[in-house]
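Per-entry structural report
Single-letter residue listing:
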Amino acid sequence: MSQHTPTGQIAPHIPADVFQRAQATGQPVVFVVNDRPAAGVEWRRLLLPFAIAGATVAGGWGLVAAICFLLDAAAHTFTVIAGAAGPIGVGGITLKLARGKNT
């Protein structure tokens, strides 16, 4: 008949021949207890990689937003300068860089 340890009680067991040899020779018996839970996920171990990945994604979106803002500012600057300069002519060919607000 097998003996089961009741739930919540941990009893270390050693083989009988090891115990009898330790009793006869006086050698100490060492119990090694694994206190880490076998099941479950260690969330602290997973937190650092997810934090690094989240910071990388947020930084990438920030970089994209900054580039879009700078390109928008450059386009507005170009249209203001082109509107103020008026038509440009080279060798008899004139090119108007920007349309007026009325056309």
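Criteria and thresholds
Residues numbered from 1 in each chain as written. Predicted model: local features only at pLDDT ≥ 70, side-chain atom pairs only at ≥ 80, totals over all residues. Heavy atoms only, no water. Helix = DSSP H or I, 4+ residues; strand = E, 2+ residues; numbered from the N terminus. Areas by Shrake-Rupley, 256 points an atom, 1.4 Å probe, with all protein chains shown as cover. Patch = residues over 30% accessible without salt bridge, like charges linked within 9 Å, V, L, I, M, F, W, Y side chains within 5 Å. Salt bridge = Lys/Arg side-chain N within 4 Å of Asp/Glu carboxyl O. Buried < 20%, exposed > 50% of the residue type's maximum accessible area, 1.4 Å probe, protein only. Polar contact = N/O pair within 3.5 Å; in protein donor to acceptor, adjacent residues only side chain to side chain.

All right, on to the overall build of the chain then. Within the chain, the regular secondary structure consists of two helices and two strands. Counting helices and strands in the order they occur from the N terminus, the chain gives α-α-β-β. Split by element, the accessible area of the chain, about 9,900 Å² in all, is 66% carbon and sulfur.

This paragraph deals with a nonpolar patch on the surface. Together, Val-29, Phe-31 and Val-33 make up a nonpolar patch on the protein surface, roughly 260 Å² of accessible area in all. On the secondary structure map, Val-29 appears in the loop between α1 (16-25) and α2 (43-85).

With that out of the way, let us pick up α1. Within α1, only one of the ten residues are buried, which leaves the element largely exposed. Immediately beyond the C-terminal end of α1, within one or two residues, lies Gly-26, with a positive phi of roughly 85 degrees.

By the element assignment, Thr-79 lies in helix α2. Judged by its relative accessible area of 44%, Thr-79 falls in the partly exposed class. Within the local environment of Thr-79, its side chain forms a polar contact with the backbone oxygen of His-76, the two atoms lying 2.8 Å apart.

Bringing the environment of Thr-25 into the picture now. In this fold, Thr-25 is placed in helix α1. Reaching out from Thr-25, the side chain makes a polar contact with the backbone oxygen of Arg-21 at a distance of 2.8 Å. Within the structure, the side chain of Thr-25 is placed 3.5 Å from the backbone nitrogen of Gln-27, a separation counted as a polar contact.

Honestly, that's just the spatial picture; any functional story needs more than this.
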